[in-house]
Amino acid sequence: AQKVTQAQTEISVVEKEDVTLDCVYETRDTTYYLFWYKQPPSGELVFLIRRNSFDEQNEISGRYSWNFQKSTSSFNFTITASQVVDSAVYFCALGDSSGSARQLTFGSGTQLTVLP
Amino acid sequence: DGGITQSPKYLFRKEGQNVTLSCEQNLNHDAMYWYRQDPGQGLRLIYYSQIVNDFQKGDIAEGYSVSREKKESFPLTVTSAQKNPTAFYLCASSLDRANTEAFFGQGTRLTVV
């Protein structure tokens, strides 16, 4: 069975602080996919990143960076110099070896509040 | 603009009534999905469809029904058999192949009164 744990239910930071959102996953598959989605107050989930299990390189996209470590089954997400617009619920998700979106297991989400 | 449109945004239902949530996409995606989101929980898959006229149950299909008569449309009916229907419902679509992400609509918040 697959499982995703986002232990941080809520995080509050002051604007310009860095913040890291944790994601720990469990799977027996050797091939799997990891995703991060952002859910702003408007409700829709916005895709941020997809990473397959064979690619452990960290990725940086502007103020966002992701640290994938298979040894600890973690796929953490860091926002550098946070902004008020970053306030949202962030979901980590795990896809099975099919890579298909129908087999996604979502974590319970982390509510990030960035205060001005 | 390409995307997924869900309607209505807010929906109120009396107990014992069926209600249908609309989902339309113009992304030319083969696969479509319905998820349910409850406060403090992740998304749970209700139903999904990979092609027209075919759909499969997800993890929590009881009390729900769907149809897929057109590629663009995947309506969800919340029946009176669903014991706790108050929730936020999200529709999504994707290419039906490996290593792909899903695109989501803005959701419908259903409240039973």
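The model shown is predicted, which means the values in this text are computed figures rather than measured ones.

What follows is about the interface of chain A and chain B. Residue-level contacts link 21 residues of chain A with 24 residues of chain B. Taken together, chain A and chain B are joined by 1 salt bridge. The tally of links from chain A across to chain B stands at 3 residue pairs in polar contact (both at pLDDT 80 or more). When contributions to the side of chain A that touches chain B are tallied by element, the ones reaching two or more residues are strand E5 (33-39), strand E6 (46-52) and strand E11 (104-106) of chain A. No other element matches E5(A), which puts 4 residues into the side of chain A that touches chain B.

The grouping of B:Tyr10, B:Phe12 and B:Val113 at the surface amounts to a nonpolar patch, some 370 Å² of accessible area in total. Inspection of the secondary structure assignment puts B:Val113 in the segment after strand E11 (108-112).

Let's shift gears to the environment of B:Phe104. In this structure, B:Phe104 sits in strand E10 (residues 103-104). Accessibility expressed as a relative area gives 9% for B:Phe104, which makes it buried. Distance from B:Phe104 to B:Gly3, taken between C-alpha atoms, is 8.2 Å for residues 101 residues apart in sequence. When residues no more than four places from it in sequence are discounted, the contact partners of B:Phe104 are A:Tyr37, A:Glu44, A:Leu45, A:Phe106, B:Ile4, B:Tyr35, B:Leu43, B:Leu90, B:Cys91 and B:Ala92.

Calculation notes
Within each chain, residues carry numbers counting from 1 in the order of the written sequence. Here the convention is simple: chains get letters from A, ligands get numbers from 1, in the order in which they are written. Confidence filtering applies because this is a predicted model: local features only for residues at pLDDT of at least 70, side-chain atom pairs given and counted only at 80 or more, and all residues used for totals across whole chains, interfaces and linings. Side-chain metrics rest on all non-hydrogen atoms present in the structure, leaving aside hydrogens and water. Residue contacts are counted whenever heavy atoms from the two residues lie within 4.5 Å of one another. Salt bridges are counted wherever a side-chain nitrogen of Lys or Arg sits within 4 Å of a carboxyl oxygen of Asp or Glu. Distance and chemistry together define a polar contact, namely a pair of N or O atoms within 3.5 Å, with one atom able to donate a hydrogen and the other to accept it when in protein, and with adjacent residues in sequence counting only for side-chain atoms on both sides. Segments assigned H or I by DSSP are reported as helices when at least four residues long, segments assigned E as strands when at least two residues long, and all are numbered from the N terminus. Residues qualify for a patch when their relative accessible area is over 30% and they have no salt bridge, like charges being joined within 9 Å and the nonpolar side chains of Val, Leu, Ile, Met, Phe, Trp and Tyr within 5 Å. Only the protein chains shown count as cover for residues, and the accessible areas themselves come from Shrake-Rupley with a 1.4 Å probe. Each residue is placed in one exposure class: buried if its accessible area under a 1.4 Å probe, protein chains only, is under 20% of its type's maximum, exposed if it is over 50%, and partly exposed if it falls in between.

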